[in-house]
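# Results of the structural survey
For reference, the chains in residue letters:
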Amino acid sequence: MEAVAKLIVDWQSARAELAELERAEHPDITDRHGRVWVWKSKNLYRHCGNAAPAYMINDFGLPTQRALDNPNYELCDVCINGRTRNIPDCKPEWNCSHSMHQ
């Protein structure tokens, strides 16, 4: 059992080192709005729930009002851009995993 546990720990350590190397090869990208897109995998970057290949990032505008009003999106201040989110307060019985910042 100890041999299996050691193999798992060794594999996790090797995977963490590989992830660090991969991450170093893919620097964050800042778009024209000042949003920072973080590398996810292959050529895919993520920001505020959106994902796009590097070449498409500058094609993304700010989220629409409909996206702002969707409580499932956790948006940063750059994406909100001073606009108002028209979202009802979460009710305890909904068991929401997000927190709303109005």
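Residues numbered from 1 in each chain as written. Predicted model: local features only at pLDDT ≥ 70, side-chain atom pairs only at ≥ 80, totals over all residues. Heavy atoms only, no water.

## Details of the side chain of D31
Here is the rule: Comment: elements are numbered from the N terminus, with helices defined as DSSP H or I runs of at least four residues and strands as E runs of at least two. Two N or O atoms count as a polar contact when they lie within 3.5 Å, although within protein this holds only if one can serve as hydrogen donor and the other as acceptor, and sequence-adjacent residues are included solely when both atoms are side-chain atoms. Pairs of residues are marked as contacts when any of their non-hydrogen atoms sit within 4.5 Å.
As for its placement among the helices and strands, D31 is situated in the loop between β1 (29-30) and β2 (36-41). One polar contact links the side chain of D31 to the main-chain amide nitrogen of H33, over a distance of 3.0 Å. Among the polar contacts listed, one links the side chain of D31 to the side chain of R35, at a separation of 2.7 Å. When sequence neighbours within four positions are dropped, the list of residues in contact with D31 reads W37, I57 and N58.

## What to know about the pairing of β2
Counted only if it meets this: Two strands are counted as paired when DSSP detects at least two bridges linking them.
Across two bridges, β1 lies against β2 in antiparallel orientation. Across the sheet, residue I29 finds its bridge partner in β2, namely W37. Hairpin connection of β1 to β2: five residues between the antiparallel strands, including G34 at a positive phi of 90°. Where β2 lies against strand β3 (residues 44-47), three bridges are found, and the strand directions are antiparallel. Note on β3: the bridge partner recorded for W39 is Y45. Counting the residues in the hairpin turn of β2 and β3 gives two residues, including K42, whose phi is positive at 45°.

## Focus on the sheet that holds β3
The strands that make up a sheet pair up through hydrogen bonds in the backbone, lying either parallel or antiparallel. Spatially, four strands are ordered β1-β2-β3-β4 in an open sheet, and the strand pairing comes out antiparallel. The sheet is open, and its two borders are formed by β1 and β4 (50-53), each paired with just one other strand.

## Quick notes on unusual backbone geometry
Here is the rule we go by: Note on classification: 1.4 Å probe, protein chains only; a residue is buried when its accessible area is under 20% of the maximum for its type, exposed when over 50%, partly exposed between these limits.
A positive phi angle is found at C48, which is not glycine, with a value near 45°. The residue C48 is located in the loop between β3 and β4 in this model. Here C48 falls in the buried class, since its relative accessible area comes to 16%.

## Comments concerning the pattern of salt bridges
As a reminder, the rule being used: We count a salt bridge whenever a side-chain nitrogen from Lys or Arg sits within 4 Å of a carboxyl oxygen from Asp or Glu.
Scanning all chains against the criterion turns up three salt bridges. Close ionic contact of D10 with K6 constitutes a salt bridge, the shortest N to O distance being 3.0 Å. Taken together, the positions of D10 and K6, both in helix α1 (residues 2-25) and four residues apart, correspond to about one turn of that helix. On the accessibility criterion, D10 (37% relative accessible area) is partly exposed. By relative accessible area, K6 is classed as exposed at 52%. With its nearest N and O atoms 2.7 Å apart, the salt bridge here joins D31 to R35. Residues D31 and R35 agree in their burial class; the two are buried.

## So, the confidence of the model for the protein
Going by this rule: pLDDT: the predictor's confidence for each residue, scored from 0 to 100.
When pLDDT is averaged along the protein, the result is 86; 94% of the residues meet or exceed 70. Averaged over each element, pLDDT in the protein is lowest for α1 (88) and highest for β3 (93).

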